[in-house]
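Chain by chain, the residues run as shown.
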Amino acid sequence: MAGIEIHRLHKRFCLQGKTLTALQDLSLSVADESFVTIVGQSGCGKTTLLRLICALETLDAGTMVFTTCNPKRTRADTRVSIVFQEPRLMPWLTVKQNMAMALHAEKDPERVDNLVGDCLHMLGLEAFAGAYPHQLSGGMAQRVALGRTLCYDPDVILMDEPFGALDAFTRRRLQAELIAIFLTRKKTIVFVTHDVDEALILGQRVLVLKSGRLALDVAVDLPYPKDIGSDAFYGLRRLLMETVCSGPDDWQCRPN
Amino acid sequence: MAVFFIKSTAVFWLVLAVWTCGSLLGLFNTYLLPPPWKVAAGAMKLAGDGTLLRHSLVSLARVLAGFAATVLIGLPLGIWVGLNHSTRTVLKAPLDFCRHIPPLALTPLLILWFGIGETSKLLVIMLAAFFPVFLNTVGGVANCDPRLIEVGQVLNLGRYGRIRRIILPAALPSIVVGLRLGLGFSWRSLIGAELLAAAAGLGYMIIEAEQFSRPDIVMVGIVVIGGLGLALDAVFGAATRRLLPWYRGTADGWH
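Since the structure is predicted, the reported quantities are computational estimates derived from the model, not experimental observations.

(A) Quick peek at the overall build of chain A. Counting its regular elements, chain A contains eight helices and nine strands. In terms of overall dimensions, chain A is globule-like: its C-alpha atoms have a radius of gyration of 18 Å, near the 18 Å expected for 256 residues. Viewed in the frame of its principal axes, chain A has a C-alpha envelope of about 55 × 40 × 40 Å. Looking at chain A residue by residue over its 256 residues, the buried ones come to 41%. Pairs at least 24 residues apart make up 74% of the contacts formed inside chain A by residues separated by at least 6 positions.

(B) Looking closely at the pairing of strand β2 (residues 18-30) of chain A. By the bridge criterion, nine bridges tie strand β1 (residues 3-15) of chain A to β2(A) in an arrangement that is antiparallel. By the bridge assignment for β2(A), Arg12(A) is matched with Thr21(A).

(C) Geometry of the confidence of the model for chain A. Taken as a whole, chain A shows an average pLDDT of 84; of its residues, 92% reach a score of 70 or greater. Taken as a whole, residues 252-256 of chain A scores under 50 in pLDDT and shows eight contacts with residues more than four places along the chain or in a different chain.

(D) Local environment of the pairing of strand β5 (residues 80-83) of chain A. Residues and elements named next belong to chain A. Here β5 shows two buried faces, one formed by Val-80 and Ile-82 and the other by Ser-81 and Val-83. Taken together, the four bridges between β5 and strand β6 (residues 156-160) define a ladder with parallel strand orientation. Note on β6: the bridge partner recorded for Ile-82 is Leu-158.

(E) Up close: helix α8 (residues 159-196) of chain B. The end-to-end C-alpha distance of α8(B) is 48 Å, clearly below the 56 Å that 38 residues give at a rise of 1.5 Å each. Where α8(B) bends most, the angle comes to about 45 degrees, and this point is Leu172(B), followed within four residues by the proline Pro173(B).

(F) Main features of helix α3 (residues 109-122) of chain A. All names here are of chain A. In this model, α3 (14 residues) spans 20 Å end to end at C-alpha, consistent with the 20 Å of a helix rising 1.5 Å per residue. Within the sequence span of α3, burial applies to Leu-115, Val-116, Cys-119 and Leu-120. Looking straight down α3, one finds that the buried residues subtend no more than 140 degrees of arc, so they occupy a single side. Residues of α3 that are exposed and angled more than 90 degrees away from the buried face: Glu-110, Arg-111, Asn-114 and His-121. Buried residues belonging to α3 abut α2 (95-100) and α4 (138-152). Note on α3: the residue one or two positions beyond its end, Gly-124, has a positive phi of about 65 degrees.

(G) Structural view of the nonpolar core. Ranked by size, the top nonpolar core spans 122 residues in total, and within it Met99(A), Cys151(A), Leu158(A), Val190(A), Ile125(B) and Ala129(B) carry the most contacts. It is helix α6 (residues 118-142) of chain B that contributes the most residues to this core, 15 residues altogether. With residues near it in sequence (within four places) discarded, Ala129(B) still touches Gly66(B), Phe67(B), Thr70(B), Gly182(B), Leu183(B), Phe185(B) and Ser186(B).

(H) Here's a closer look at the sheet that holds β2(A). Residues and elements named next belong to chain A. The strand order β2-β1-β4 describes an open sheet built from three strands, whose pairing is antiparallel. Taken across any chain shown, the strands that pair with only one partner, and hence form the sheet edges, are β2 and β4 (61-67). Strand after strand, the sheet turns through a mean of 20 degrees between neighbouring axes, direction not considered. Across six bridges, the pairing between β1 and β4 is antiparallel.

What counts and how
- Residues numbered from 1 in each chain as written.
- Chains lettered and ligands numbered in written order.
- Predicted model: local features only at pLDDT ≥ 70, side-chain atom pairs only at ≥ 80, totals over all residues.
- Helix = DSSP H or I, 4+ residues; strand = E, 2+ residues; numbered from the N terminus.
- Rg over C-alpha atoms; globule rule 2.2 N^0.38 Å.
- Buried ≥ 20, exposed ≤ 12 C-beta atoms within 10 Å, placed from the backbone.
- Contact = placed C-beta atoms within 7 Å.
- Pairing = 2+ DSSP bridges.
- pLDDT = per-residue confidence, 0-100.
- Expected span 1.5 Å × (residues − 1).
- Bend = angle between axes of the 7 residues up to and from the residue.
- Arc of directions from axis to C-beta.
- Core = buried A, V, L, I, M, F, W, Y, C linked by C-beta atoms within 7 Å.
- Axes fitted to C-alpha atoms, helices over the stretch in contact; angles between N-to-C directions.

And the structure:
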């Protein structure tokens, strides 16, 4: 298990000759075994932050360390993985094989079978184990992508708007499943979304990113499953909405 | 199934009907276009004494040997070039130069250098099949969806693992298209090479029939060449569907 400490992070991109700042002077810490959601408009730097944490991008300045309560584990031991916006399944592999891909380092085929079997069972995918991605609905495919990440058994799970393309009903169910996974498996989860409701339903803590900076950091002291009709929920929702929507739109100052 | 058979062979029946009616009505000069029954009789005779089988087997053996050699060279080379962007930059212009030279144009030189034996015919096949195999492999490898490669990165796959588990399987449909095109190209160019210099093979059979003024045998040769090409492609297609069950792409032969 691991938490994340980010200190004075900067990230710039070069786009058609112009430099644009994706993240500036961002400091935040994510506690071990906590569920943090990040909201913001398109272009506020949420995706960039996740890509930096899982080392798909390199940071221009600042530091990022993974903290752990186990002193024997070093940074290199920390396993970080991400569920992308799209399922990104390998079209040539079946559901089961796609999930087993996360266990490529495991030599014992029986152990791979068991671990994948557990994941299939937990996500209700057993009937689809032999199906190919093109035969799955969007919700099923995203579930497989989540299963693949769970099979990898990371300390930190990053999620980049994974339910953004799903219908409201499927999304609701997957949110509930994700909360159940968080409660049973005790992972650190950083979940990015542009949906304020989703951020509040899932997170123990919600961060608002605005133009590459941290605009708000609020704890959500409501027990799971959260009562979305409660006054506390409504008050937080209003606060988040106001913060996200205040000021100039992010996509106007920063293309892409 | 019956409907499929009728639909997929309808054009052949139509051509045969027009050809038969035209010949019966005496619309065609029988020397320029021999009637179908004469061609059929010629085919029966050639099939009966084993000539047709012998020429077909010689041609098929040549094409399979040449094609296998091309795959052994073109596939690894294509993977290597596809993975290395800088090699692509260096090799693009020279390869484009070579790609536009039809193998048949090189036949005089090949005969001069290697004689009229099997070597020059194998080289013609290899030259014809190389570019479709090579270029489709390069394209398939180089155009692998970077988003899938990122999945490999976050699952902590090394470079070799990413190539083996993501890039190559992703390139497979494109490679299959290249192999299929290459097989067709080598079949056509082989017949061309046999027209120029050979002592056996379907191309040789045609050129010999021309010298003996036997247009019916020329027609038999043409029909057999087309038919065998069709059969090769069908075998290849069936193998593809078996080996790549998830793949339902454009390898159905429309290029």
